[in-house]
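# Residue-level structure breakdown
What follows is each chain in one-letter form.
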Amino acid sequence: DDIAVVMGCVLGGIITLLGTLRAFLSEKKSNSSTWLPDENNLAKRQFEVWCLQYTVVWIVLFGVVVVTGAYEWFNEWDYMNVCVVLASPFLLQPFLFPMDAEKTYPICQRYSFKANVWIAIFSFIGNYWYTHYFYTVLKAEYLFPAHRLNDVPIALFFATHFYFVTYHTFSNLILRKIETTYERSFLRTVFYWGSILGFAYFTAFMETLTISSFPYYRFEDRFMAYTLGSAFYGIYFIVSFPVFYSLDEYVGKLALVVPNTVYQTVLESFGASMIVLCLLDFCRLICDVPLHIGGVLYYIYRKQ
């Protein structure tokens, strides 16, 4: 259909461009190419490995709910329980099951804790503020029973957390592979940012596609939701992927680099969130769509 053709052209163009750029990059002579942090940054390495392992678990469990249509019998508490349960392993891991490399560290010095704080802030702001841009620009709406904060299902604040931890773990692997494989150059910088743009768009499109069978998230124009909407959603990640990647990334490699404090982590997440908010609003202005936020503090939405 038209959506498949347009998306195929967009993604094909991105892959072709990146493949062409890659051919002109010079690989490092040292055998330093890696997807995961090295042994000098063991806490981050162990956390990313654990994230990849748990990602398989939550995708399978979440997929069963969607594929079987079990959500048809869900009420607001069922949606909440499913999302909280799936997010809990990420949220509780730094406290209850710390990585071996950081067991002796105070909680605020653990990479896993700081990573969760970063994602939790970004997820909250994304739901609380950015969702209204989808309501306004793409005429999206959630129609499943849910406890709502500012007209956004509270269950989604938790669902976004486990989605975003996974997305940002994969982006870390990609960006690290580029940095450790190729010599620093202008073309590598272009390739690096092109990869961010490409993976951001791919991530946004795949999420939209995978929940397309869920009938209680609707758009006025599905073609616009997949094409323009994926670009709109991808703005989140164009900003967040490189900022999150830098969190404690160079510890143990450069003498002057020390781990982020929780305070720095919070500021960086809020800063990235504000950049995204500005970009979304610039896009809204370009589309000449007035912004309306009509949410209330709290209420329960139930299907009529």
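Thresholds, definitions, all that
- Residues numbered from 1 in each chain as written.
- Predicted model: local features only at pLDDT ≥ 70, side-chain atom pairs only at ≥ 80, totals over all residues.
- Heavy atoms only, no water.
- Helix = DSSP H or I, 4+ residues; strand = E, 2+ residues; numbered from the N terminus.
- Rg over C-alpha atoms; globule rule 2.2 N^0.38 Å.
- Buried < 20%, exposed > 50% of the residue type's maximum accessible area, 1.4 Å probe, protein only.
- Lys, Arg positive; Asp, Glu negative; His and termini not counted.
- Salt bridge = Lys/Arg side-chain N within 4 Å of Asp/Glu carboxyl O.
- Contact = heavy atoms within 4.5 Å.
- Axes fitted to C-alpha atoms, helices over the stretch in contact; angles between N-to-C directions.
- Parallel < 35°, antiparallel > 145°, perpendicular 65-115°, else oblique.
- Left-handed = near helix turned anticlockwise from the far one by under 90°.
- Polar contact = N/O pair within 3.5 Å; in protein donor to acceptor, adjacent residues only side chain to side chain.
- Patch = residues over 30% accessible without salt bridge, like charges linked within 9 Å, V, L, I, M, F, W, Y side chains within 5 Å.
- Areas by Shrake-Rupley, 256 points an atom, 1.4 Å probe, with all protein chains shown as cover.
- Expected span 1.5 Å × (residues − 1).
- Bend = angle between axes of the 7 residues up to and from the residue.
- Pairing = 2+ DSSP bridges.

Regarding its fold elements, the protein presents nine helices and five strands. In the protein, the succession of helices and strands from N to C terminus is α-α-α-α-β-β-β-α-α-β-α-α-α-β. Its C-alpha radius of gyration of 20 Å places the protein within 12% of the 19 Å reference for a compact globule of 304 residues. For the protein, the spread of C-alpha atoms along the principal axes amounts to about 65 × 45 × 35 Å. Burial status across the protein gives 48% buried among its 304 residues.

Quick look at the side chain of Arg110 now. Take Arg110: it is sitting in the loop between α3 (76–96) and α4 (111–137). One buried charged side chain, Arg110, makes no salt bridge at all; its nearest oppositely charged neighbour is Glu102, positioned 5.6 Å away. Each residue touching Arg110, except ones within four places of it in the same chain, is listed here: Pro94, Phe95, Pro98, Glu102, Lys103 and Tyr105.

One way to put it is that helix α8 (residues 228–245) packs onto helix α9 (residues 262–286) with a least axis distance of 9 Å and a crossing angle of 155 degrees. It follows from the interaxial angle that α8 and α9 lie roughly antiparallel. Handedness of the crossing formed by α8 with α9: right-handed. Residue-level contacts link Phe232, Ile235, Tyr236, Val239 and Val243 of α8 to Glu268, Ala272, Ile275, Val276, Leu279, Leu280 and Cys283 of α9.

Below, the discussion takes up the environment of Glu39. Take Glu39: it is sitting in the loop between α1 (2–22) and α2 (42–68). Sequence spacing of Glu39 and Leu256 is 217 residues, and the spatial spacing of their C-alpha atoms is 18 Å.

What follows covers the side chain of Thr136. Looking at where Thr136 falls in the secondary structure, it is placed in helix α4. Taking the relative accessible area as the measure of exposure, Thr136 reaches 8% and is therefore buried. Among the polar contacts made by the side chain of Thr136, one reaches the main-chain carbonyl oxygen of His132 at a distance of 2.8 Å.

On to a nonpolar patch on the surface, then. Side chains of Phe24, Phe186, Leu187 and Val190 sit close together on the surface and give an oily, nonpolar patch of about 420 Å² of accessible area. Relative to the assigned elements, Val190 resides in helix α6 (residues 186–210). When its relative accessible area of 31% is taken as the criterion, Val190 is described as partly exposed.

Residue pairs three or four apart in sequence face the same way in an α-helix, which turns once every 3.6 residues. In this model α3 runs 28 Å from its N-terminal to its C-terminal C-alpha over 21 residues, within 8% of the 30 Å that 1.5 Å per residue would give. Of all bends in α3, the biggest is about 40 degrees, found at Ser88, and the proline Pro89 comes one to four residues later. Buried within α3 we find Glu76, Tyr79, Met80, Cys83, Leu86, Ala87, Phe90, Gln93 and Pro94. Against α2, α4, β2 (146–149), α5 (154–181) and β5 (299–301) lie the buried residues of α3.

Right, let's get into α5. Here α5 is 28 residues long and its end C-alpha atoms lie 41 Å apart, about the 40 Å a rise of 1.5 Å per residue gives. Summarising burial for α5: 24 of the 28 residues are buried, a large majority.

Inspection of the sheet shows β2 paired to β5 by three bridges, in the antiparallel sense. In the strand pairing of β5, His147 is matched with Ile300. Strand direction decides the pairing type here: β2 and strand β3 (residues 152–153), joined by two bridges, are antiparallel. What sits directly across from Arg148, in β3, is Pro153. Two successive antiparallel strands, β2 and β3, enclose a turn made up of two residues, where Asn150 displays a positive phi of approximately 55 degrees.

Considering all chains together, one arrives at nine salt bridges under this definition. Between Arg45 and Glu39 there is a salt bridge, with its nearest N and O atoms 3.6 Å apart. The partner of Glu48 in a salt bridge is Arg176, and the shortest N-O contact between them spans 2.9 Å. Within this pair, whereas Glu48 is found in helix α2, its partner Arg176 is found in helix α5, the two being separated by 128 residues in sequence. Taken as a pair, Glu48 and Arg176 share a single burial class, namely buried.

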